[in-house]
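So the chains spell out like this:
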Amino acid sequence: KTRTRDKYRIVYTDQQRYELENEFIISKYISIPRKSALSLTLSLSERQIKIWFQNRRAKERKLNKKRHGPSSSNQLNNSNDADSRSDGGLESPNCYPNYT
């Protein structure tokens, strides 16, 4: 155990991280029976495994957000603006070329 301020935290061994990462690749969410089995094989509590998975999913979201960047979400939101006008495009002169 290593001391970080007032709380103890577990530093996972390479073997434990390897097994947890492999399990995460298979499924982002761990089932209760699988959590129980991993707990026994890795000598970790079920709570530690649950929290590791929560933290790993958060890390995955953060990496995905960083990878895709904030501009990609803006592009998705703005791409539908022209097609989903609230006035239905009625003000556009191109909609009614013969209307005078």
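Please refer to the structure placed before this passage.
Structural notes, computed from the coordinates. The structure displayed is predicted, hence computed values, not measured ones.

Cut-offs used in this document
Residues numbered from 1 in each chain as written. Predicted model: local features only at pLDDT ≥ 70, side-chain atom pairs only at ≥ 80, totals over all residues. Heavy atoms only, no water. Salt bridge = Lys/Arg side-chain N within 4 Å of Asp/Glu carboxyl O. Helix = DSSP H or I, 4+ residues; strand = E, 2+ residues; numbered from the N terminus. Buried < 20%, exposed > 50% of the residue type's maximum accessible area, 1.4 Å probe, protein only. Lys, Arg positive; Asp, Glu negative; His and termini not counted. Core = buried A, V, L, I, M, F, W, Y, C linked by side-chain atoms within 4.5 Å. Contact = heavy atoms within 4.5 Å.

Side note on the pattern of salt bridges
And step 1. Taken as a whole, this structure holds four salt bridges when the rule is applied.
And step 2. Put simply, Arg56 and Glu21 hold a salt bridge, and the shortest N to O gap is 2.9 Å. Remark: Glu21 occurs in helix H1 (residues 14-26) and Arg56 occurs in helix H3 (residues 46-79); sequence separation between them is 35 residues.
And step 3. On the basis of relative accessible area, Arg56 is assigned to the buried category, the value being 14%.
And step 4. The partner of Glu60 in a salt bridge is Arg56, with the nearest N and O atoms 3.1 Å apart. Linking Glu60 with Arg56, this pair stays in helix H3, spanning four residues, or about one helical turn.
And step 5. For Glu60, a relative accessible area of 21% gives the class partly exposed.
And step 6. What emerges from the salt-bridge pattern is a single network uniting Glu21, Arg56 and Glu60.

Considerations on the side chain of Lys35
And step 1. Here Lys35 is to be found in helix H2 (residues 32-42).
And step 2. Summary of buried charges: Lys35 has no salt-bridge partner, and the nearest side chain of opposite charge, Glu46, is 4.8 Å away.

Here's the deal with the nonpolar core
And step 1. Counting nine residues, the largest nonpolar core is built from Tyr12, Leu20, Phe24, Leu38, Leu42, Leu44, Ile49, Trp52 and Phe53.
And step 2. Elements that contribute at least two residues to this core include exactly H1, H2 and H3.
And step 3. Top element by residues in this core is H3. It accounts for three residues.
And step 4. Other than its neighbours up to four places away in sequence, Trp52 contacts Tyr12, Leu20, Glu21 and Phe24.

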